[in-house]
Amino acid sequence: MAKPTSPPEETDDSHPTLESLADRLGTPEPGLLDALLDGTTGSQLVERGRQIASSRVLTDMRRLYATAHACWSSASKDKREKLRGFSPELLALAVEQALALERLLEAHESAGQKKDAARATKDAALRDALSRALLLRDQAYEVLRGVGGSGKEPREELAQAYGTAEDPAALARGLTQLAALGKRYLAQKKGPLAVRARLMRLDHDYVERLEETVSELTQAAKTAAARPAGQKVTAGDLDRADGINLILLEQIVRVFERANEQDPTIPRLVPIATRRLFSRSSRKKATGAPSGGTTGAPSGGVTDGGATGGAPSAEDDPLDDEGAPI
């Protein structure tokens, strides 16, 4: 007789959220997670979690945990017996850790967005400071050129003070040198140079403006180059949380897989977003002894019409997890 087909898994929007599941299941007892992870190292959790994005893990957990809860809530005593290895307490712990991962991911992404926004703001501030400094430098050059006169020595001195603008530091040096030259010109109270200074409106306020622009430009460059503060949620934190959630998800998926083999009306929890971490292969069908063959069978072997005894081999495991640390 053909094996009945399992009912299709519901994927509509009627599934409860992780938050509503947590309200229904309650808070798990303290110490459950430590007991479950006993013997698993932090490096193993991080290594496993590194294999997949947190968002993909959350996608499967939101769907599968809702299905598991619905199945258990409506299951008869006989069906619950077939779901040995699963309990509401285990699901409550899994939901709690899923919510913790969700919060970590949100904090991590929020920090990244704030970092990008801060970077853009700093870059814009530096560009603005550079633009204003360049315009003021060129203006100061014309003012000091008029004050210095047409002599060869003043012109060479002005060109040297003008400098370059290859980077913020070079531009700041040029402005500083122009301000110093302006102070020297203002120190002469009489003669043609003092007259030209009045004509060109070179005064101490203008020199101070040059110096203030140097300070603003230097500060903008320093702020833009500063390293951002360390994020509160690191990639390692997320990887470890992913590893924990994958262990819990795998345990629940495996239990429902075995229960489905006994009772096809119990749904299989089929990972989709994380399917590459759950390698599935068909279980080999055991065959009876051929007609006229030996009547006996070694312990754990195949008997007439029977099945192979013992646990399934790794290659036959329908939930063979490649290199899982559990």
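Residues numbered from 1 in each chain as written. Predicted model: local features only at pLDDT ≥ 70, side-chain atom pairs only at ≥ 80, totals over all residues. Heavy atoms only, no water.

Peer 1: Can you help me understand the overall build of the protein in this one?
Peer 2: A tally of helices and strands in the protein yields 11 helices and 0 strands. Mapped from its N terminus to its C terminus, the protein presents α and β elements in the order α-α-α-α-α-α-α-α-α-α-α. For the protein, with 326 residues in total, the buried portion stands at 36%. Counting only contacts in the protein whose residues sit at least 6 apart along the sequence, the fraction spanning at least 24 positions is 81%. In the structure as shown, the protein presents an accessible area of about 19100 Å², 52% of it carried by carbon and sulfur atoms. (Helix = DSSP H or I, 4+ residues; strand = E, 2+ residues; numbered from the N terminus. Buried < 20%, exposed > 50% of the residue type's maximum accessible area, 1.4 Å probe, protein only. Contact = heavy atoms within 4.5 Å. Areas by Shrake-Rupley, 256 points an atom, 1.4 Å probe, with all protein chains shown as cover.)

Peer 1: Just to check I follow, could you spell out the nonpolar core for this structure?
Peer 2: Generally speaking, a soluble globular protein has its nonpolar side chains buried in company with each other. Within the largest apolar cluster, 42 residues are counted, with the highest numbers of intra-cluster contacts made by Met-61, Tyr-65, Leu-83, Phe-86, Ile-252 and Phe-256. Those elements that place two or more of their residues in this core are helix 1 (18–25), helix 4 (54–74), helix 6 (88–148) and helix 11 (235–262). The element that contributes the greatest number of residues to this core is helix 11, accounting for 12 residues. Ignoring any residue separated from it by four or fewer positions in sequence, one finds Phe-256 in contact with Ala-68, Cys-71, Leu-83, Phe-86, Ile-266, Pro-267 and Leu-269. Within the second largest apolar cluster, 28 residues are counted, among which are Ala-172, Leu-175, Ala-179 and Leu-193. (Core = buried A, V, L, I, M, F, W, Y, C linked by side-chain atoms within 4.5 Å.)

Peer 1: Any chance you could explain unusual backbone geometry here in plain terms?
Peer 2: Across the chain, the bulk of peptide bonds are trans and the bulk of non-glycine residues have phi less than zero. Positive phi, normally seen in glycine, also occurs at Arg-201, with a value near 60°. By secondary structure assignment, the location of Arg-201 is in the loop between helix 9 (192–199) and helix 10 (204–225).

Peer 1: What is the right way to read the packing of helix 1 against helix 4 from this model?
Peer 2: The relative placement of two packed helices is expressed as an angle between their axes plus a distance between the axes. Contact pair helix 1 / helix 4: the axes reach a minimum separation of 10 Å and the direction vectors enclose 35°. Helix 1 and helix 4 meet at a crossing whose hand is left-handed. Listed contacts from helix 4 to Leu-18, Leu-21, Arg-24 and Leu-25 of helix 1 are Met-61, Arg-62, Tyr-65, Ala-66 and His-69. Here the residues of the contact of helix 1 with helix 4 sort into 6 nonpolar, 1 polar and 2 charged. (Axes fitted to C-alpha atoms, helices over the stretch in contact; angles between N-to-C directions. Left-handed = near helix turned anticlockwise from the far one by under 90°. Nonpolar A, V, L, I, M, F, W, Y, C, P; charged D, E, K, R; others polar.)

Peer 1: Any chance you could explain the environment of Leu-193 here in plain terms?
Peer 2: Tracing the chain through its elements places Leu-193 in helix 9. Leu-193 sits in the buried class, given a relative accessible area of 13%. It is 7.7 Å that separates the C-alpha atoms of Leu-193 and Gly-149, two residues lying 44 residues apart in sequence. With sequence-adjacent residues up to four places away left out, Leu-193 is seen in contact with Val-147, Tyr-185 and Gln-188.

Peer 1: What am I meant to see in the side chain of Lys-82 here?
Peer 2: Mapping Lys-82 onto the fold places it in helix 5 (residues 77–82). Within polar-contact distance, the side chain of Lys-82 engages the side chain of Asp-78 at 2.7 Å. (Polar contact = N/O pair within 3.5 Å; in protein donor to acceptor, adjacent residues only side chain to side chain.)

Peer 1: I would appreciate a short explanation of a nonpolar patch on the surface in the present structure.
Peer 2: Together, Val-195, Leu-199 and Met-200 give the surface a local cluster of nonpolar side chains, amounting to about 280 Å² of exposed area. Summarising the element assignment, Val-195 is placed in helix 9. Owing to a relative accessible area of 37%, Val-195 belongs among the partly exposed residues under this scheme. (Patch = residues over 30% accessible without salt bridge, like charges linked within 9 Å, V, L, I, M, F, W, Y side chains within 5 Å. Salt bridge = Lys/Arg side-chain N within 4 Å of Asp/Glu carboxyl O.)

Peer 1: Just checking my understanding: could you explain the confidence of the model for the protein for this structure?
Peer 2: Low pLDDT marks regions whose predicted coordinates should not be analysed in detail. Confidence in the prediction for the protein averages 79 pLDDT; 75% of positions are at 70 or higher. Confidence over residues 1–13 falls short of pLDDT 50; this stretch has 17 contacts with residues more than four positions distant or in other chains. Low confidence marks residues 280–326, where pLDDT is under 50. Its contacts with residues over four positions away, or in another chain, come to 65 contacts. (pLDDT = per-residue confidence, 0-100.)

Peer 1: Can you help me understand the side chain of Gln-97 in this one?
Peer 2: Tracing the backbone shows Gln-97 in helix 6. Under the relative-accessibility criterion, Gln-97 is labelled buried at 13%.

Peer 1: So what exactly am I meant to see when it comes to a negative patch on the surface here?
Peer 2: Negative charge collects at one region of the surface, where Asp-203, Asp-205, Glu-208 and Glu-212 lie side by side. Residue placement: Glu-212 occurs in helix 10. Residue class for Glu-212 comes out partly exposed when judged on its relative accessible area of 48%. (Lys, Arg positive; Asp, Glu negative; His and termini not counted. Charge placed at Lys NZ, Arg CZ, Asp CG, Glu CD.)

Peer 1: Explanation requested: the packing of helix 3 (residues 42–49) against helix 11 in the structure shown.
Peer 2: At their nearest, the axes of helix 3 and helix 11 sit 7 Å apart, and the two run at 85° to each other. Judged on the interaxial angle alone, helix 11 and helix 3 are roughly perpendicular. Contacts between helix 3 and helix 11 involve Leu-45, Val-46, Arg-48 and Gly-49 on the former and, on the latter, Gly-236, Asp-239, Arg-240, Asp-242, Gly-243, Ile-244, Leu-246, Ile-247 and Glu-250. (Parallel < 35°, antiparallel > 145°, perpendicular 65-115°, else oblique.)

Peer 1: What's the story with the packing of aromatic side chains in this structure? I'm lost.
Peer 2: Enumeration according to the criterion identifies 3 aromatic pairs in this entry. Consider the rings of Phe-86 and Phe-256, whose centres lie 5.3 Å apart with planes at 80°: the pair is edge-to-face. Placement of the pair is Phe-86 in the loop between helix 5 and helix 6 and Phe-256 in helix 11, with a sequence separation of 170 residues. A relative accessible area of 0% places Phe-256 in the buried class. (Phe/Tyr/Trp six-rings, centres within 6.5 Å; stacked < 30°, edge-to-face > 60°.)

Peer 1: Explain the environment of Leu-58 here, please?
Peer 2: With respect to the helices, strands and loops of the structure, Leu-58 is situated in helix 4. Classification of Leu-58 by relative accessible area gives buried; the value is 1%. Along the primary structure Leu-58 and Leu-101 are separated by 43 residues, whereas in three dimensions their C-alpha atoms are 7.9 Å apart. The residues touching Leu-58, leaving out its near neighbours within four places in the chain, are Ala-98, Leu-101, Glu-102 and Leu-105.

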